[in-house]
Amino acid sequence: MPTPTTSLAPAPYWGTISEIDDATAERMAPEWHSGCPVALADLRLLTLAHWDFQGVVTVGELIVHAGYAEDVVAVFEQLFRAGFPIQRMDIVSVFDGDDNASMEANNTSAHNCRTIAGTSTWSEHAYGRAIDINPVQNPYVSGTTVLPPDGAAYVDRTGDHPGMIHDGDVVVQAFTSIAWFWGGYWSSIKDYQHFSATGN
């Protein structure tokens, strides 16, 4: 598992893109299986430097579709240079592929071969073309449902808490620069953590 390293700003950003080798495939067992909509050969493991909530540079991992890997590395460079904090960034296999557990840990994640909750439709995460950032500070809100539950403290979007995403901020701009869409712009449901290539 990646380990944090103390650093003082300005610090160098770095991000790497790797094919899914046998060792990584074994690690991914809880989040990928035969029948998933994207083959392992079409996914990439990203290793990314980011700031945590204590102002320390640490290293995280995301898995995304190969076609978006370079763009996603560039997005996280923009967030790094802006000092935007990300509490945690682990592949969802760390949580046995459980999206709720990942959200509750405030984990920033991407690929997860799962369906949309309550449906048989593949989530955009199953295609490796969606990323959720700081789910606690940026919860999913549908009526009275707030996920993760700790995100209830952040439903009021007028606050300026570390790790929150706001309309037009550096996070939204960075993803807009690669033509990805923000779930915070959805009309009825709000998914403030969610960015995707398709808008879904």
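These numbers were taken from a predicted model, which means no experiment stands behind them. (Residues numbered from 1 in each chain as written. Predicted model: local features only at pLDDT ≥ 70, side-chain atom pairs only at ≥ 80, totals over all residues. Heavy atoms only, no water.)

(A) Here's a closer look at the overall build of the protein chain. The number of helices and strands found in the protein chain is four helices and nine strands. When the helices and strands of the protein chain are read in sequence order from the N terminus, they spell out β-α-β-β-α-α-β-β-β-α-β-β-β. The C-alpha radius of gyration of the protein chain comes to 16 Å, within 12% of the 16 Å expected for a compact globule of 200 residues. Dimensions of the protein chain, computed from the C-alpha atoms along their principal axes, are close to 45 × 45 × 30 Å. Here the protein chain, with 200 residues, has 50% of them falling under the buried criterion. For the protein chain, contacts bridging at least 24 residues in sequence account for 57% of all contacts bridging at least 6. Just so you have it, the protein chain exposes about 9,200 Å², and 52% of that area is on carbon and sulfur atoms. (Helix = DSSP H or I, 4+ residues; strand = E, 2+ residues; numbered from the N terminus. Rg over C-alpha atoms; globule rule 2.2 N^0.38 Å. Buried < 20%, exposed > 50% of the residue type's maximum accessible area, 1.4 Å probe, protein only. Contact = heavy atoms within 4.5 Å. Areas by Shrake-Rupley, 256 points an atom, 1.4 Å probe, with all protein chains shown as cover.)

(B) Fine view of the sheet that holds strand β6 (residues 145-147). Taking strand neighbours across the sheet as the criterion, the three strands line up as β6-β5-β8 in an open arrangement whose pairing is antiparallel. Edge positions in the sheet fall to β6 and β8 (190-191), since each of these pairs with one other strand and no more. Bridge analysis of strand β5 (residues 140-142) against β6 gives three bridges, and the strand direction is antiparallel. Residue V141 lies in a different strand from β6, and its bridge partner there is V146. (Pairing = 2+ DSSP bridges.)

(C) Representation of the state of the cysteines. Per the counting criterion, the structure on display carries one disulfide. Note that C36 is cross-linked by a disulfide to C113, the S-S spacing being 2.1 Å. Looking down the S-S bond of the C36 and C113 bridge, the torsion is -115°, so its handedness is left-handed. In this pair, C36 is assigned in the loop between α1 (22-27) and β2 (43-51) and C113 in the loop between α3 (99-104) and β4 (130-132), connecting sequence segments 77 residues apart. Like C36, the residue C113 is buried in the burial classification. (Disulfide = S-S within 2.5 Å.)

(D) The pattern of salt bridges, seen in detail. Within this structure, the stated rule accounts for five salt bridges. For the salt bridge of R88 with D90, the shortest nitrogen-to-oxygen distance reads 2.6 Å. Residue class for R88 comes out partly exposed when judged on its relative accessible area of 27%. Exposure remark for D90: the relative accessible area of 6% places this residue in the buried category. (Salt bridge = Lys/Arg side-chain N within 4 Å of Asp/Glu carboxyl O.)

(E) How the structure looks around the sheet that holds strand β1 (residues 15-19). The sheet built from three strands is open, its strands ordered β1-β2-β3 with antiparallel pairing. Each having just a single partner strand, β1 and β3 (57-65) make up the two edges of the open sheet. Direction aside, neighbouring strands of the sheet carry axes that sit 20° apart on average. Against the sheet, helix α2 (residues 69-81) contacts β1, β2 and β3, and its axis sits at roughly 5° relative to β2. (Axes fitted to C-alpha atoms, helices over the stretch in contact; angles between N-to-C directions.)

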